[in-house]
Amino acid sequence: STPAGWRLIQHPVRELKSLRGSVDRVRRVSLDTANAWLAQRRFPTGLAEVELTLDRVPASGSVTWECRHSGGAVTRVVADFGASEIRVDRTASGRVDFSPTFAGVHRGPLRIVDGRVDLRLLLDTSSLEVFAQGGETVLTDLILPPSPELRFTMTADGQGRETRIASLSLTPLKSAPPRLHPGTP
């Protein structure tokens, strides 16, 4: 139950906790400061968890989180405040030419609460999961970058430039061990 009514909330599986490395975090910074901090961080395996809280979210404009892989591939997660939506744009995410329907932009509602937006992103070598507002909206996309090496940047448009980063954390993830079917040697 939420102030806006009943909502289905989704969370990553709890087993994810066992795959986390050490958290690297900044708090209460501008977009420029956050980008300078992000420029110093790389994820060679492409396995990462991102938690981002935006504060002082305006009524219009947007903030875009970019997942950049070596080789020029980029997947964008856009928090569009005026449209009250979250988007995942995988049109330049890597290999997208094998089907005319693969490359695209996927959308979901984004309810802004008390001027804040919470995003949690989980990335592995071939997928991106976005949990917005504590799991009220979840988007999952297959991505096929040419290389797993990953780094991040952020941009803002319009009034989105006024947004502050309340908290930003990056956590490297380990690969999950393979699970064998019972009875498999």
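Now for a description of the structure that goes with this document. (Residues numbered from 1 in each chain as written. Predicted model: local features only at pLDDT ≥ 70, side-chain atom pairs only at ≥ 80, totals over all residues. Heavy atoms only, no water.)

## Remarks on the nonpolar core
Thinking step 1. Grouped together as the largest cluster of nonpolar side chains are 37 residues, with contacts concentrated most on Leu54, Trp65, Leu121, Phe152, Met154, Ile165 and Leu168.
Thinking step 2. Aside from chain neighbours lying at most four places away, what touches Ile165 is Arg27, Arg28, Val29, Ser30, Leu31, Ala34, Leu52, Thr53, Leu54 and Met154.
Thinking step 3. Judged by nonpolar contacts, the second largest core, of six residues, contains Leu16, Leu19, Leu122 and Leu173. (Core = buried A, V, L, I, M, F, W, Y, C linked by side-chain atoms within 4.5 Å. Buried < 20%, exposed > 50% of the residue type's maximum accessible area, 1.4 Å probe, protein only. Contact = heavy atoms within 4.5 Å.)

## Overview of the sheet that holds strand β9 (residues 137-142)
Thinking step 1. Ordered in space as β1-β11-β2-β7-β8-β9, the six strands form an open sheet in which the pairing is antiparallel. Here the strands that pair on one side only, and so sit at the sheet edges, are β1 (24-29) and β9. Averaged over all pairs of adjacent strands, the angle between their axes in this sheet comes to 10 degrees, without regard to strand direction.
Thinking step 2. Pairing analysis gives eight bridges linking strand β2 (residues 48-55) to strand β11 (residues 164-172), with the strands arranged antiparallel. From the neighbouring strand, Glu49 faces β11, where its bridge partner is Thr171.
Thinking step 3. Relative to the sheet, helix α1 (residues 31-38) contacts β1 and β11, its axis offset from that of β11 by approximately 15 degrees. (Pairing = 2+ DSSP bridges. Helix = DSSP H or I, 4+ residues; strand = E, 2+ residues; numbered from the N terminus. Axes fitted to C-alpha atoms, helices over the stretch in contact; angles between N-to-C directions.)

## Re the environment of Arg164
Thinking step 1. Within the secondary structure, Arg164 is located in strand β11.
Thinking step 2. Looking at Arg164, the relative accessible area reads 27%, which means it is partly exposed.
Thinking step 3. Each C-alpha atom, one on Arg164 and one on Arg27, is 9.6 Å from the other, the two residues being 137 residues apart in sequence.
Thinking step 4. For Arg164, the contacting residues outside a window of four places in its chain are Arg28, Val29, Ser30, Thr53, Leu54, Asp55 and Arg56.
Thinking step 5. Here Arg28 takes part through its backbone oxygen, which lies 3.3 Å from a polar atom of the side chain of Arg164. (Polar contact = N/O pair within 3.5 Å; in protein donor to acceptor, adjacent residues only side chain to side chain.)

## What about α1?
Residue pairs three or four apart in sequence face the same way in an α-helix, which turns once every 3.6 residues.
Thinking step 1. Those residues of α1 that sit buried are Leu31, Ala34, Asn35, Trp37 and Leu38. The buried residues of α1 occupy one face: seen down the axis, they fall within an arc of 160 degrees.
Thinking step 2. At its buried positions, α1 is contacted by β1, β3 (62-69), β10 (150-157) and β11. (Arc of directions from axis to C-beta.)

## So, the sheet that holds β3
Thinking step 1. Ordered in space as β6-β5-β4-β3-β10, the five strands form an open sheet in which the pairing is antiparallel. Both edges of this open sheet fall to β6 (105-109) and β10, since each of them pairs with a single strand only. The average undirected angle you get between the axes of adjacent strands in this sheet is 15 degrees.
Thinking step 2. Two strands pair when backbone bridges link them, and strand β4 (residues 74-80) and strand β5 (residues 85-92) are joined in this way by six bridges, in the antiparallel orientation. Bridge pairing in β5 places Val78 opposite Arg87.
Thinking step 3. In this fold α1 packs onto β3 and β10, with an angle of close to 165 degrees to the strand it touches most, β10.

## Concerning the pairing of strand β8 (residues 127-132)
Thinking step 1. In terms of residue burial, β8 counts as a mostly covered element, since five of its six residues are buried.
Thinking step 2. Here strand β7 (residues 117-124) folds back onto β8 in antiparallel fashion, the turn holding two residues.
Thinking step 3. In terms of strand pairing, β8 meets β9 through six bridges, oriented antiparallel. In the strand pairing of β9, Ser127 is matched with Leu142.
Thinking step 4. Count of turn residues in the β8/β9 antiparallel hairpin: four residues, of which Gln133 carries a positive phi of about 50 degrees.

So, to be careful, I would describe these as geometric facts and stop short of saying anything about function.
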